[in-house]
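Residues per chain are reported as follows:
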Amino acid sequence: MIRMKDSIEQDQHITREFGKYRLAPPSPDLHDRVLRAARAALAGRDVGLHWTDRWLRACGAFREEILAFASVLLLILGVVTSLGADQSVLAESIERLKVMVTVSECLYRATSMDCTVLKPAAGDKESRYRVRWNAAGITRVDIDSTNGTEQTLWIFEGTVSVAGHEGGAVRSMAITTMPAEWQPPMEFLTPTLLAQHIKEQYGLMPAERQGGARPDEFLLVGQESQQAVEIAFDATTYLPTTLTKYLPDPPWTGKERDCLEEVRFQWNTPIPQELLIPGTSAVKRQVK
Amino acid sequence: MSSMSTRKKYLLIPAWILIAAIVAVGVIQSGPPASYFDLYGFLFVLIGGMALVLISFPGAEIGRAFRHAVGVSGSDAELRNSTHFWEAAGRSFWILGGMRSILSIIIGFAGMATQKYAGLPAIIAFLIQSLLSTFYGSLLAVICFVPCWKLMGKLQSRLSAPDAERNETPASVGHPGWEFGAYIGYVLFLATLVLTVHLPRPLMVWTVYRPSLLLVLGGTLALILFMGINNIRLTPSAAFAGMGLIGSLMGFIQMLHGMTVPTPQGVGHVAGALVFILSSCFTALLGMALVGAPLEDRAIRAGRAGAPSAFSRVSWYVFPLLSLIFLVLVFNMIIMPLPPSR
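Bear in mind that the values here come from a model prediction, so they are computed numbers and not experimental data.

Enquirer: Looking at this structure, how should I read the overall build of chain B?
Expert: Counting its secondary structure elements, chain B contains ten helices and zero strands. Here chain B holds 342 residues, and the buried ones make up 42% of them. Long-range contacts, defined here as pairs at least 24 residues apart, represent 83% of the contacts in chain B between residues at least 6 apart.

Here it is, written out as structure tokens:
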């Protein structure tokens, strides 16, 4: 019993002693005061810094937000610029080459060609050729020159067969020995030759202004031995419809360009077989 | 023991002669010798690769790696660093080979814009230059991987040896932060890029790369933020490669859409898409070479990572190969005519 009393007293004593050292509860504004002091200290330290360092410190606090904003901005700008209308020089080059390749391929696949070549001469006169080619490789050229003489040539595998407009015997010769006045525009003899000229001679590129073309056509322009070349292509078949050669005029004159040659093409329309046999009666009057 | 090794050495001589003869016969049998020379391409890969190495490693470590390559011994840690150096050098040449391949095609087409004739022979010449760059890159990479593999073998043999033979002296690694050599490396790389790339109009670089540059950079930042800046799996290299792949796929989809419209407008879309594919690959490779790989090298040298992550390795070695495949596909698309609508 005595022991129990002693221990109770001891407990009370200990509690009293602990009570002496117990911390007083924090005052309600202590937290705010500490925070204000910390902010004041931080601001005091920032005052001593250069403005760029202060700015960098502020940016550092929002690093992730700034990066997120930058990434979204870059992505939006990237999408907008990729959808934009202006093409890079590189894309223009690729486009030019792809058009050339497609045009060449379409010319190689042609089954027949019928083209009329008009060459204006002095006065109202003009010389006219009509070139017809079929997939068998036979080319017929009807020449109607300015001096009124008419001539028909059949060209097949390097041999030219000639018949005059008045009829008579058909003569044959090698294409290399053909007189110069009969030489039709060689670049239009076959679609393959035309494709070669388009790829290698004309140096074509898309025209800046497509105003001269019909809605279902597109224009390519180029140059060949000081002559300006303009070719209109069918936008669906990629085959040429009109080829025009002009004398180069200085751009500031504003005059209409002088046409040197105009070629109109028709593709893949059947050509009567008898027209392609040398010396047949169908020779006559096939130019127009 | 020494007589055995001398005899082995003598036996190796005819073996080397035989190997050289087989290679020579192979080269002769392959037909008329082709020209494997493209000065600008070679200089870009060689000097650019050296610049990238300078960005990641200080001169002392480079010198030590060369000494280890010729057989000078060192501690395990030093050998580990040298192995890492040679791997980084090989990686740099490989990435630059891929990068120059794309650049050659871009330079070729940009040059074609000012030329009168645009024919297939001209673009075949660009493709030859492209493949030559990859050839130089892979050749230099293999040359660097030889000491890397040798040092790896040496390290492995040491690890399997008894403890007494091992030398665990820590390597004296230079300061792993941004050093003066790194700045020299960046300047050297930019100088190489400017001097070996001849564009008729330098400003066209911006118009060519603008969309893909913005998309790849923005996407890379977004990926890194999404996965967490300190994520060890998604390294900047992997993010760049991922965005390069996404950009290329976007380009291919755009290209196929363009092909459904076989008109000149459709051709324009196809051409734009092909440029997008090329420039996406180029931007991703540039990002990997200039930002991704140096950051990871620095982390390894500072001890924050033990070795390059698997994702980074896949990005460094697979993405340039993928770019080359895309390049060949793009080339095929350019020379393939569009199907005309009937």
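Alright, that's what it looks like, and here's the rest.
Enquirer: Quick question: what am I supposed to make of the overall build of chain A here?
Expert: Within chain A, the regular secondary structure consists of six helices and eleven strands. Residues counted as buried form 25% of the 288 residues belonging to chain A. Looking at chain A alone, contacts between residues at least 24 apart form 40% of all its contacts between residues at least 6 apart.

Enquirer: Is there a simple way to think about the pairing of strand 8 (residues 217-224) of chain A in this case?
Expert: Two faces belong to every sheet, and in a regular strand the side chains alternate between them. Residues and elements named next belong to chain A. Bridge analysis of strand 7 (residues 205-206) against strand 8 gives two bridges, and the strand direction is antiparallel. Residue methionine 205 lies in a different strand from strand 8, and its bridge partner there is valine 221. Of the pairings in the sheet, the one linking strand 8 to strand 9 (residues 227-234) comprises eight bridges and is antiparallel in character. Paired with leucine 219 across the bridge in strand 9 is alanine 232. Taking the residues between adjacent antiparallel strands as the criterion, strand 8 and strand 9 are bridged by two residues, where serine 225 takes a positive phi near 35°.

Enquirer: I'm lost on the domain arrangement of chain B in this one. Help?
Expert: Many authors give the size of an interface as the accessible area that is lost as the parts come together. Residue and element names in this part refer to chain B. What the domain assignment lists for chain B is domain 1 (37-201) and domain 2 (203-342). Broken down by element, the residue count for the side of domain 1 that touches domain 2 peaks at 16 residues, all from helix 4 (residues 76-112). Taken together, the residues that form the side of domain 1 that touches domain 2 break down as 18 nonpolar, eight polar and two charged.

Enquirer: When you look at the environment of Leu214(B) in this model, what are you seeing that I'm missing?
Expert: Among the structural elements, Leu214(B) can be located in helix 7 (residues 204-227). Under the C-beta neighbour-count criterion, Leu214(B) is labelled buried, with 21 such atoms within 10 Å. For the pair Leu214(B) and Leu329(B), spaced 115 residues apart in sequence, the C-alpha to C-alpha distance is 24 Å. Not counting residues up to four positions away in its chain, the partners in contact with Leu214(B) are Leu74(A), Leu77(A), Gly78(A) and Thr81(A).

Enquirer: Would you take a moment to explain the packing of helix 4 of chain B against helix 10 (residues 310-335) of chain B for this structure?
Expert: If you want to describe how two helices pack, look at the angle between their axes and the distance between the axes. All names here are of chain B. Where helix 4 meets helix 10, the axes come as close as 9 Å, and the angle between the chain directions of the two elements is 20°. As far as their axial angle goes, helix 10 and helix 4 are roughly parallel. The two elements helix 4 and helix 10 cross, and the hand of that crossing is left-handed. Contact with helix 4, carried on its side by Arg91, Trp94, Ile95, Gly97, Gly98, Ser101, Ile102 and Ile105, involves Trp316, Tyr317, Pro320, Ser323, Leu324 and Leu327 of helix 10 and no other residues of that element.

Enquirer: How should I be thinking about the nonpolar core in this particular structure?
Expert: Side chains of nonpolar character tend, in soluble globular proteins, to be buried together. If you look at the biggest cluster of nonpolar residues, it comprises 125 residues, and the most contacted ones within it are Leu274(B), Leu278(B) and Leu285(B). Per-element tally for this core: the top contributor is helix 4 of chain B, with 18 residues. Dropping the residues within four chain positions of it, Leu274(B) is found in contact with Ile94(A), Gly251(B), Met255(B), Val330(B), Met333(B) and Ile334(B).

Enquirer: What's the story with the interface of chain A and chain B in this structure? I'm lost.
Expert: On the side of chain B, 39 residues touch chain A, which itself brings 37 residues to the contact. The element that contributes the greatest number of residues to the side of chain A that touches chain B is helix 5 (residues 89-108) of chain A, accounting for 16 residues. In the side of chain A that touches chain B, the residues fall into 18 nonpolar, eleven polar and eight charged.

Thresholds applied
- Residues numbered from 1 in each chain as written.
- Chains lettered and ligands numbered in written order.
- Predicted model: local features only at pLDDT ≥ 70, side-chain atom pairs only at ≥ 80, totals over all residues.
- Helix = DSSP H or I, 4+ residues; strand = E, 2+ residues; numbered from the N terminus.
- Buried ≥ 20, exposed ≤ 12 C-beta atoms within 10 Å, placed from the backbone.
- Contact = placed C-beta atoms within 7 Å.
- Pairing = 2+ DSSP bridges.
- Domains from an automatic or database assignment.
- Nonpolar A, V, L, I, M, F, W, Y, C, P; charged D, E, K, R; others polar.
- Axes fitted to C-alpha atoms, helices over the stretch in contact; angles between N-to-C directions.
- Parallel < 35°, antiparallel > 145°, perpendicular 65-115°, else oblique.
- Left-handed = near helix turned anticlockwise from the far one by under 90°.
- Core = buried A, V, L, I, M, F, W, Y, C linked by C-beta atoms within 7 Å.

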